[in-house]
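# Observations on the three-dimensional arrangement
Spelled out, the chains give:
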Amino acid sequence: MMSRLPLLLLAVALYTVVEAGIFDSMYCGRHNCYEIMGLERTATKKEINKQYRKLAKELHPDHNKADDAHEKFELLVSAYETLRNEVSRNDYDYLLDNPDVYYEHFYRFFSHSTPKVDVGPVISISLIVLTVLHYLHRHSSYNRAINYALHVPNLRNQAKQLAASEGLLDKKFFKGMTKDEAKVKENKILRDIIEEKLDIKGGYQKPEWTDILLVQLLVLPFNFGKLSWFHIRRIYKYKIMGHALDWEEKDYRTRKVLGISATQWGGLDEEKKETFYKKRTLA
């Protein structure tokens, strides 16, 4: 499920773009700028200017009282603004020749203009794209950490013992394999054991759906309130009331001195934690 999350979010982003009509606000929307002006794609700048003056007289709402005159005049202006400028015309021609590269058109258009669009969908799309990038970064870091864990003697030995107890390293599973093939298969088995069976924390934690950026932003007010209450309670309990430090407070103060997160602290064994407690006390 998590491996499909980036694709799902990108699909949502694309759907949002289309449904929000952002592409409809680019150039002439769903209309063809050349057809609006009655021109061929080979038209010169002089022909574009001449045709615009002619059509503007015909379609201007002050002279044309038809119900759709205003809409047609706005389309004419959009077409003219697109085709009269060499940069925007080149971008538009590229769109006509390559209609499927949506986000490239999106970038090219918005980098050369300041269109009137609802900022809501733009912000939503940006958040979705950032969420995808954030997830991919977390997942990449996790894979690197697991690959590193495979070479940590303590973790590798634990994984081997578990794999052997389950019969996963039986020689019959490696029969007929070359030495390199057997090593690859063994590493795959040990990697699965490390991911699924060993109690590894800190940098080895697999990213969950609750870790993605959008979810973190949604729970940000709750987390801020929780953090504020934590510090208010600490000040009252230890500064004002003068209570003795409990293990939670010792953990917090030691982590602050070491400059590590709660997740990293949770990944340490008790012996190492005790060593850090003593060092902090001596300091």
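Look up a bit, the structure's there.
Nothing here was measured: the structure is a model prediction, and the numbers come from that model.

Basis of the calculations
- Residues numbered from 1 in each chain as written.
- Predicted model: local features only at pLDDT ≥ 70, side-chain atom pairs only at ≥ 80, totals over all residues.
- Heavy atoms only, no water.
- Helix = DSSP H or I, 4+ residues; strand = E, 2+ residues; numbered from the N terminus.
- Buried < 20%, exposed > 50% of the residue type's maximum accessible area, 1.4 Å probe, protein only.
- Contact = heavy atoms within 4.5 Å.
- Areas by Shrake-Rupley, 256 points an atom, 1.4 Å probe, with all protein chains shown as cover.
- Axes fitted to C-alpha atoms, helices over the stretch in contact; angles between N-to-C directions.
- Parallel < 35°, antiparallel > 145°, perpendicular 65-115°, else oblique.
- Nonpolar A, V, L, I, M, F, W, Y, C, P; charged D, E, K, R; others polar.
- Expected span 1.5 Å × (residues − 1).
- Disulfide = S-S within 2.5 Å.
- Phe/Tyr/Trp six-rings, centres within 6.5 Å; stacked < 30°, edge-to-face > 60°.
- Patch = residues over 30% accessible without salt bridge, like charges linked within 9 Å, V, L, I, M, F, W, Y side chains within 5 Å.
- Salt bridge = Lys/Arg side-chain N within 4 Å of Asp/Glu carboxyl O.
- Lys, Arg positive; Asp, Glu negative; His and termini not counted.
- Charge placed at Lys NZ, Arg CZ, Asp CG, Glu CD.

A tally of regular secondary structure across the protein chain gives 14 helices and zero strands. Along the chain direction, N to C, the helices and strands of the protein chain fall in the order α-α-α-α-α-α-α-α-α-α-α-α-α-α. The buried share of the protein chain, reckoned over its 283 residues, is 27%. Partitioning the contacts of the protein chain with sequence separation of at least 6, the portion at a separation of at least 24 is 61%. Carbon and sulfur atoms form 57% of the exposed surface of the protein chain, whose accessible area is close to 19,600 Å².

The geometry of helix α8 (residues 153-165) relative to helix α9 (residues 179-196) is characterised by a closest axis approach of 9 Å and an angle of 100° between their N-to-C directions. Judged on the interaxial angle alone, α9 and α8 are roughly perpendicular. Here R156, A159, K160, L162 and A163 of α8 come into contact with α9, specifically with E186, N187, I189, L190, I193 and I194. Class assignment for the residues of the contact of α8 with α9 results in seven nonpolar, one polar and three charged.

As a further point, take helix α11 (residues 220-240). Three- or four-residue spacings in an α-helix give side chains the same orientation, since the helix completes a turn every 3.6 residues. Along its 21 residues, α11 runs 29 Å from first to last C-alpha, staying within 8% of the 30 Å computed at 1.5 Å per residue. The elements touched by buried residues of α11 are α12 (247-258). Of the residues trailing α11, G242 is marked for its positive phi of about 70°.

Per the stated rule, a full pass over the model turns up one disulfide. Covalently, C28 is tied to C33 through a disulfide, its sulfur atoms 2.0 Å apart. Taking the torsion about the S-S bond as the criterion, the C28 to C33 disulfide, at about 115°, is right-handed.

Counted by the stated rule, this structure contains four aromatic pairs. With centroids separated by 5.3 Å and ring planes inclined at 55°, the aromatic side chains of Y27 and Y92 adopt a geometry described as tilted. Taken as a pair, Y27 in the loop between α1 (5-20) and α2 (33-37) and Y92 in helix α5 (residues 86-97) lie far apart in primary sequence, 65 residues in all. The exposure classification of Y27 matches that of Y92, with both residues buried.

Here the focus is the packing of helix α4 (residues 69-84) against α5. Remark: α4 packs on α5, axes separated minimally by 5 Å, with the N-to-C direction vectors making an angle of 100°. With respect to α5, the axis of α4 lies roughly perpendicular. Residue-level inspection shows E81, T82, L83 and R84 of α4 in contact with α5, the latter providing E86, S88, R89 and Y92.

Turning to the environment of Y94, a few remarks are in order. Looking at where Y94 falls in the secondary structure, it is placed in helix α5. For Y94, the residues in contact, after removing those within four places along its chain, are V101, E104, H105 and R108.

This next bit is on α4. Given a rise of 1.5 Å per residue, 16 residues ought to cover 22 Å, and the 22 Å separating the end C-alpha atoms of α4 matches this to within 8%. Contact partners of the buried residues in α4: α2, α3 (45-59) and α5.

A cluster of basic side chains, namely K46, K50, R53, K54 and K57, defines a positive patch on the protein surface. With respect to the secondary-structure elements, R53 resides in helix α3. On the basis of relative accessible area, R53 is assigned to the exposed category, the value being 52%.

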